[in-house]
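# A structural walkthrough
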Amino acid sequence: MASLNVGNLGEYLREQRRNAQLSLRQLAEAAGVSNPYLSQIERGLRKPSAEVLQQVAKALRISAETLYVRAGILDAERDRDEVETRAVILADPSLNERQKQVLLQIYESFRKENGFGAGEPAGADGAEQEKDDDDAGSRRTAG
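Residues numbered from 1 in each chain as written. Predicted model: local features only at pLDDT ≥ 70, side-chain atom pairs only at ≥ 80, totals over all residues. Heavy atoms only, no water.

### Focus: the pattern of salt bridges
It is possible for side chains bearing opposite charge to pair when their charged atoms get close. The test is simple: Only one rule defines a salt bridge in this text: a Lys or Arg side-chain nitrogen within 4 Å of an Asp or Glu carboxyl oxygen. Only DSSP runs of H or I reaching four residues or more are called helices, and only runs of E reaching two or more are called strands; each is numbered from the N terminus. Burial classes: relative accessible area under 20% of the type maximum marks a residue as buried, over 50% as exposed, and values in between as partly exposed (1.4 Å probe, protein chains only).
The full count for this structure, using the stated rule, is 6 salt bridges. Glu-82 is the salt-bridge partner of Arg-86, the closest N and O atoms lying 3.1 Å from each other. Here Arg-86 pairs with Glu-82, and both are found in helix H6 (residues 76-91), just 4 residues apart, close to one helical turn. On the basis of relative accessibility, which here comes to 4%, the residue Glu-82 falls in the buried class. Two residues, Glu-97 and Lys-100, come together in a salt bridge whose shortest N-O distance is 3.5 Å. Here Glu-97 and its partner Lys-100 are both found in helix H7 (residues 97-113), 3 residues apart, which amounts to about one turn of the helix. The exposure class of Glu-97 is exposed, given its relative accessible area of 51%. Each of Glu-82, Arg-86, Glu-108 and Arg-111 takes part in a single network of salt bridges with overlapping partners.

Given below as structure tokens:
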């Protein structure tokens, strides 16, 4: 696990928590995770999911992207534009949820077409849908 920068993430989280003048218990409560689990993350013993990192980032009022990079979920340079594009789409109040999801699927299909991976930091449903579509397509062409 050390190769996944989990220790680096834990040290960074501890530093951010102390800067925010929060106890471990206070941050765990604000982020909606257990105190022992957060302690294990800070000590580099556990690698949290992107969802947990997002909750912790919100509680600390820092960028979730920063935590994703520190956790090794995102490559800072390569994925920054993709994350920003997704964030802008998801934050647009003029679109409903279905429209946002369709737009994200179209965006991802163009990225794949242009040779970029289908990496989605939070493991959103779009990646699963694409896999299901690919499986269905291979069944149609195989017969």
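### Here's the deal with the side chain of Arg-17
The line we're drawing: Here, two residues are considered to be in contact whenever any of their heavy atoms come within 4.5 Å of each other.
Relative to the elements of secondary structure, Arg-17 occurs in helix H1 (residues 6-19). Sequence-distant contacts of Arg-17, that is, excluding residues within four places in its chain, are made with Leu-22, Ser-23, Leu-24, Leu-27, Glu-42 and Leu-60.

### Points about the confidence of the model for the protein
One rule of thumb: low pLDDT means the predicted coordinates there are not for detailed reading. Spelled out, the test is: Values of pLDDT, the confidence the predictor places in each residue, fall between 0 and 100.
Mean pLDDT for the protein: 79, with 73% of residues reaching 70 or above. Ranking the elements of the protein by mean pLDDT puts helix H8 (residues 125-142) last with 44 and helix H2 (residues 24-31) first with 97.

### A look at unusual backbone geometry
A positive phi angle is found at Gln-21, which is not glycine, with a value near 55°. As for its position among the elements, Gln-21 is in the loop between H1 and H2.

### Concerning the packing of H2 against helix H4 (residues 50-60)
The packing of two helices is summarised by the inter-axis angle and the distance between the axes. Here is the rule we go by: An axis is simply a line fitted to the C-alpha atoms; with a helix, the fit covers only the stretch in contact. Between two such axes, the angle follows the N-to-C directions and lies from 0 to 180 degrees. Crossings are sorted by hand: turned counterclockwise from the far helix by less than a right angle, the near helix makes the crossing left-handed, and turned clockwise it makes it right-handed.
At a minimum axis separation of 8 Å, H2 and H4 run at an interaxial angle of 115°. The two elements H2 and H4 cross, and the hand of that crossing is right-handed. Residue-level contacts link Leu-27, Ala-30 and Ala-31 of H2 to Gln-55, Val-56, Ala-59 and Leu-60 of H4.

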